Amino acid sequence: MKKRDSYRNKTGSVDAHDHMKLTANVINSSSSAIAICDLDGQITYANQSFYRMWGITDAAYLAGKNCQSLWQIGDEYAQVMQTLQETGSWIGRLEAIRQNGTLFDVQVNAAMLYDDNGKPLAMTSTS
């Protein structure tokens, strides 16, 4: 039997709503910059640390953006995506582009997110 992580409240019972709320709060308040992209690379979520690191002052800036547009990556993007699809993860240093156009180096840990059947759902990255 596969062991799953769980959250227990004060009474010892699992409350799915509280667990989801706690998880969302942990991700949003993390000191690591976290982003989620769909399988086409369109950004669907970024936490507050991501906004700070990229100097994003308005959430609308990310609307409809592809993750590739936030990196000075060129031809390497295809290789990163291929590695993600083949192995499920990629770790490396990239040059990122802030909202104001300045560049900065950042360590990126990217991973595929899968459903219970192993089907890819999305991609995530932490910096």
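Quick summary incoming for the structure in this document. (Residues numbered from 1 in each chain as written. Predicted model: local features only at pLDDT ≥ 70, side-chain atom pairs only at ≥ 80, totals over all residues. Heavy atoms only, no water.)

**What to know about the overall build of the protein chain**
Part 1 of the reasoning: Counting its secondary structure elements, the protein chain contains three helices and five strands.
Part 2 of the reasoning: Going through the 127 residues of the protein chain one by one, you find that 30% of them count as buried.
Part 3 of the reasoning: Considering only contacts within the protein chain whose residues lie at least 6 apart along the sequence, 35% involve residues at least 24 apart.
Part 4 of the reasoning: When the accessible area of the protein chain is evaluated, it comes to approximately 8400 Å², of which 50% is carbon and sulfur surface. (Helix = DSSP H or I, 4+ residues; strand = E, 2+ residues; numbered from the N terminus. Buried < 20%, exposed > 50% of the residue type's maximum accessible area, 1.4 Å probe, protein only. Contact = heavy atoms within 4.5 Å. Areas by Shrake-Rupley, 256 points an atom, 1.4 Å probe, with all protein chains shown as cover.)

**Regarding the sheet that holds strand S5 (residues 120–126)**
Part 1 of the reasoning: With antiparallel pairing, five strands are arranged side by side in an open sheet as S2-S1-S5-S4-S3. Each edge of the sheet is formed by a strand with only one pairing partner; in this case those strands are strand S2 (43–46) and strand S3 (89–97). Here the strands of the sheet are splayed against their neighbours by 25° on average, with no regard to which way each runs.
Part 2 of the reasoning: Packed onto the sheet, helix H3 (residues 76–87) meets S3, strand S4 (103–114) and S5 and runs at close to 155° relative to S3. (Pairing = 2+ DSSP bridges. Axes fitted to C-alpha atoms, helices over the stretch in contact; angles between N-to-C directions.)

**Quick look at empty space enclosed by the protein**
Part 1 of the reasoning: Applying the stated rule across the entire model yields one cavity of 30 Å³ or more.
Part 2 of the reasoning: When its volume is computed, the largest cavity comes out at roughly 240 Å³.
Part 3 of the reasoning: In this structure, the largest cavity is lined by 20 residues; those nearest its centre are Cys67, Trp71, Val108, Ala110 and Ser125.
Part 4 of the reasoning: Contributions of two or more residues to the lining of the largest cavity are made by strand S1 (34–37), H3, S3, S4 and S5.
Part 5 of the reasoning: Per element, the largest residue contribution to the lining of the largest cavity is four residues, and it comes from H3.
Part 6 of the reasoning: Partitioned by chemical class, the residues of the lining of the largest cavity number 18 nonpolar, two polar and no charged. (1 Å grid on protein atoms, 1.4 Å probe; cavity = no way out; pocket = protein on both sides within 12 Å on 5 of 7 lines; lining within 4 Å. Points joined across faces, edges and corners; volume = space filled by probe spheres on them. Nonpolar A, V, L, I, M, F, W, Y, C, P; charged D, E, K, R; others polar.)

**Some words on the state of the cysteines**
Part 1 of the reasoning: All told, the structure shown has zero disulfides when counted by the stated rule.
Part 2 of the reasoning: Between Cys37, a free cysteine, and Cys67, which holds the nearest cysteine sulfur, the sulfur-to-sulfur gap is 4.0 Å.
Part 3 of the reasoning: With relative accessibility at 8%, the residue Cys37 sits in the buried group. (Disulfide = S-S within 2.5 Å.)

**Quick look at H3**
Part 1 of the reasoning: For H3, which comprises twelve residues, the first-to-last C-alpha distance of 16 Å matches the rise-based estimate of 16 Å (1.5 Å per residue) to within 8%.
Part 2 of the reasoning: Of the residues making up H3, those classed as buried are Tyr77, Val80, Met81 and Leu84. Each buried residue of H3 sits inside an arc of 95° when the element is viewed along its axis, so together they form one side. Turned more than 90 degrees away from the buried face of H3 sit Ala78, Gln79, Glu86 and Thr87, all of them exposed.
Part 3 of the reasoning: Looking at the buried side of H3, the elements it contacts are S3, S4 and S5. (Expected span 1.5 Å × (residues − 1). Arc of directions from axis to C-beta.)

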